[in-house]
Amino acid sequence: MGVFATMVVLILCSVNAHSSHRKDGLRRRAVDSCNCVYKNGGCVISAAPPPNKACTCILSKKTCVGKIRNCVQPNAFFCTYPDTSLGTCLQGAGNCEGYSERCDCEYIYHWFVSDSCKITVPAIPRTACECGKTGWFTCGGKIVLCKNQYSIFCDKPDTSKDSCLQGSWVCPYW
């Protein structure tokens, strides 16, 4: 009877494991997929890509579609550990305009030299702020990938010239 009881227990465990695995499998998404949704006039990632891959959000009218691709910066934090954040979206180089995170820059006037922009609101960690003129005496900022993903100014962006250089090539702070 001991052998028979053991066989019954093993069969029941096998059936339960198989049925629960099947139920979990129905709830899981495909391994090589991601998803984007429309929000605030642009796209945001709603289902993250697998590790070491990126999700490109493609906007068509008011619908967003996510497609798996290689990361822009293969060894970057948001490529290795993808999530649904703006940093991960930037790795896919698609439409990331639905995110609310912003950086900002102000116009700096100089009497004898060229005018410039200066960061006033830094980017989120592991990204950079790209400053640029938006009009005659105005500047604006846009969150972008860091030029050097290993820089301390990429990990912890601030309003310094070094942080500005992570997002732009020209940062003539005075």
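Relevant structure appears above.
This report concerns the structure included in the present document. Predicted model only: the values in this text are computed from it and were never measured. (Residues numbered from 1 in each chain as written. Predicted model: local features only at pLDDT ≥ 70, side-chain atom pairs only at ≥ 80, totals over all residues. Heavy atoms only, no water.)

### Considerations on the layout of surface pockets
The probe, sized like a water molecule, is rolled over the atoms to show the empty space still left.
Working step 1: Looking at the largest pocket, its volume works out to about 230 Å³.
Working step 2: If you list the elements that add at least two residues to the lining of the largest pocket, you get helix H3 (86-92) and strand E8 (138-144).
Working step 3: With three residues, E8 is the largest single contributor of residues to the lining of the largest pocket.
Working step 4: Split by residue class, the lining of the largest pocket holds six nonpolar, two polar and four charged. (1 Å grid on protein atoms, 1.4 Å probe; cavity = no way out; pocket = protein on both sides within 12 Å on 5 of 7 lines; lining within 4 Å. Points joined across faces, edges and corners; volume = space filled by probe spheres on them. Helix = DSSP H or I, 4+ residues; strand = E, 2+ residues; numbered from the N terminus. Nonpolar A, V, L, I, M, F, W, Y, C, P; charged D, E, K, R; others polar.)

### Structural notes on the nonpolar core
Working step 1: One finds Ile45, Tyr99, Cys105 and Cys129 to be the most contacted residues of the largest nonpolar core, which totals 26 residues.
Working step 2: When residues are assigned to domains, this core turns out to be shared by domain 1 (35-92) and domain 2 (104-167), each giving three or more.
Working step 3: Sequence-distant contacts of Tyr99, defined by excluding residues within four places in its chain, comprise Cys43, Val44, Ile45, Thr84, Ser85, Leu86 and Cys89. (Core = buried A, V, L, I, M, F, W, Y, C linked by side-chain atoms within 4.5 Å. Buried < 20%, exposed > 50% of the residue type's maximum accessible area, 1.4 Å probe, protein only. Domains from an automatic or database assignment. Contact = heavy atoms within 4.5 Å.)

### As for the pairing of E8
Working step 1: For strand E7 (residues 128-135) and E8, the ladder comprises seven bridges, and the chain directions are antiparallel. Following the sheet pairing, Cys131 is matched in E8 by Gly141.
Working step 2: If you look at the hairpin formed by E7 and E8, you'll find two residues sitting between the two strands. (Pairing = 2+ DSSP bridges.)

### Brief notes about the state of the cysteines
Working step 1: Inspection of the entire model under this criterion finds nine disulfides.
Working step 2: One disulfide in the model links Cys103 with Cys129; its S-S distance is 2.2 Å. Taking the sign of the S-S torsion, about 80° here, the bridge from Cys103 to Cys129 comes out right-handed. Taken together, the residues span a long stretch of sequence, with Cys103 in the loop between H3 and strand E5 (104-108) and Cys129 in strand E7 at a distance of 26 residues.
Working step 3: Judged by relative accessible area, Cys129 falls into the buried class, the value being 2%.
Working step 4: Across the disulfide, Cys105 is cross-linked to Cys131 (sulfur-sulfur distance 1.9 Å). The sign of the S-S torsion, about -75°, decides the handedness of the disulfide formed by Cys105 and Cys131: left-handed. Of this pair, Cys105 sits in strand E5 while Cys131 is found in strand E7, placing the two residues 26 residues apart along the sequence. (Disulfide = S-S within 2.5 Å.)

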